[in-house]
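Letter by letter, the chains look like this.
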Amino acid sequence: AAGVIQSPRHLIKEKRETATLKCYPIPRHDTVYWYQQGPGQDPQFLISFYEKMQSDKGSIPDRFSAQQFSDYHSELNMSSLELGDSALYFCASSLTRGNVANEKLFFGSGTQLSVL
Amino acid sequence: SQQGEEDPQALSIQEGENATMNCSYKTSINNLQWYRQNSGRGLVHLILIRSNEREKHSGRLRVTLDTSKKSSSLLITASRAADTASYFCATDGGNQGGKLIFGQGTELSVKP
């Protein structure tokens, strides 16, 4: 069965550079989520999209932006990278029909971002 | 953590023993879910328990939920070395269209 696909798997950037992470949700899933997980930390919610519209926003810095495209893939754009942005970034998708209650999330393998 | 505490933070047991992990949360919920994460990998959904349920089983997993205490426990019976991973609880915070809020996780090590 198709899973959530994220690319790249690893990314190394310098401070102040930009990075773009991509996510391809499971076909027919209508909701995409982005999470950030620092070393030894729990996943922190960044942002989500339902049917290509932003549906919720968490602790996402102003330097970050995200969007979901007509083919349902999503991109997380990160600018002016800082050392503290080094983390594992996960995308997840689910079929919520607008109601997240009682729905499980399917996670991708993540993008490990290292900012040097 | 946005969500609450999990305890223990780390647990080391022998194969065949049972492992119990606890989770507390802060808000009202519609459901509570448990996820597993192998080191550096994505999270995998294990089990979901609704707010009107008190106990749920799935294979070697048993989850309990006490909404009056805002707490849940995950029991893994007859543990195997392959169960070694981090385990996270997550809630929806009572909202209908948004994110899951994760706890800090329990790192389980099962020694063969």
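Draft legend 1. Region of interest: unusual backbone geometry. Residues and elements named next belong to chain A. Put simply, S7 and P8 share a cis peptide bond, and its omega is -10°. Among the structural elements, P8 can be located in the loop between β1 (5-7) and β2 (10-13). Non-glycine residue R16 carries a positive phi angle of around 75°. Relative to the assigned elements, R16 resides in the loop between β2 and β3 (19-24). Among the residues examined, R16 registers a relative accessible area of 64% and is labelled exposed. Positive phi values are uncommon outside glycine, yet S80 reaches one of about 45°. Residue position: S80 is located in the loop between β8 (74-78) and β9 (87-94). Residue classification places S80 among the partly exposed positions, given a relative accessible area of 39%.

Draft legend 2. Local environment of the packing of aromatic side chains. Scanning all chains against the criterion turns up nine aromatic pairs over all chains. A centroid spacing of 5.7 Å and a plane angle of 80° characterise the contact between A:F107 and B:Y35, whose relative ring orientation is edge-to-face. Here B:Y35 lies in strand β4 (residues 31-37) and A:F107 lies in strand β10 (residues 106-107), a pairing that spans two chains. Exposure class is identical for A:F107 and B:Y35. Each is buried. An angle of 85° between the planes, with centres 6.4 Å apart, marks the rings of B:F88 and B:F102 as edge-to-face. Of this pair, B:F88 sits in strand β9 (residues 85-91) while B:F102 sits in strand β10 (residues 101-102); the two residues are 14 residues apart in sequence, bridging distant segments of the chain. Residue B:F88 shares its accessibility class with B:F102, and that shared class is buried.

Draft legend 3. Molecular detail of the state of the cysteines. Overall, the coordinates contain two disulfides over all chains when judged by the stated rule. In this model A:C23 forms its disulfide with A:C91; the gap between the sulfur atoms is 1.8 Å. Taking the torsion about the sulfur-sulfur bond, which here is approximately -55°, the covalent link between A:C23 and A:C91 counts as left-handed. With A:C23 in strand β3 and A:C91 in strand β9, the pair connects residues that are 68 residues apart, well separated along the chain. Covalent S-S linkage joins B:C23 and B:C89, the inter-sulfur distance amounting to 1.9 Å. With the S-S bond torsion at 65°, the cross-link from B:C23 to B:C89 turns out right-handed.

Draft legend 4. Fine view of the sheet that holds β3(A). Residue and element names in this part refer to chain A. Strand order in the open sheet formed by four strands is β1-β3-β8-β7, with antiparallel pairing between adjacent strands. Of all the strands in the sheet, just β1 and β7 (64-68) have a single pairing partner and so form its edges. Taken over all neighbouring pairs, the strand axes of this sheet differ in orientation by 15° on average, direction set aside. Judged from the five bridges that link them, β3 and β8 form a sheet pairing that is antiparallel. When the bridges of β8 are listed, K22 appears paired with E75.

About the thresholds
Residues numbered from 1 in each chain as written. Chains lettered and ligands numbered in written order. Predicted model: local features only at pLDDT ≥ 70, side-chain atom pairs only at ≥ 80, totals over all residues. Heavy atoms only, no water. Helix = DSSP H or I, 4+ residues; strand = E, 2+ residues; numbered from the N terminus. Buried < 20%, exposed > 50% of the residue type's maximum accessible area, 1.4 Å probe, protein only. Phe/Tyr/Trp six-rings, centres within 6.5 Å; stacked < 30°, edge-to-face > 60°. Disulfide = S-S within 2.5 Å. Pairing = 2+ DSSP bridges. Axes fitted to C-alpha atoms, helices over the stretch in contact; angles between N-to-C directions.

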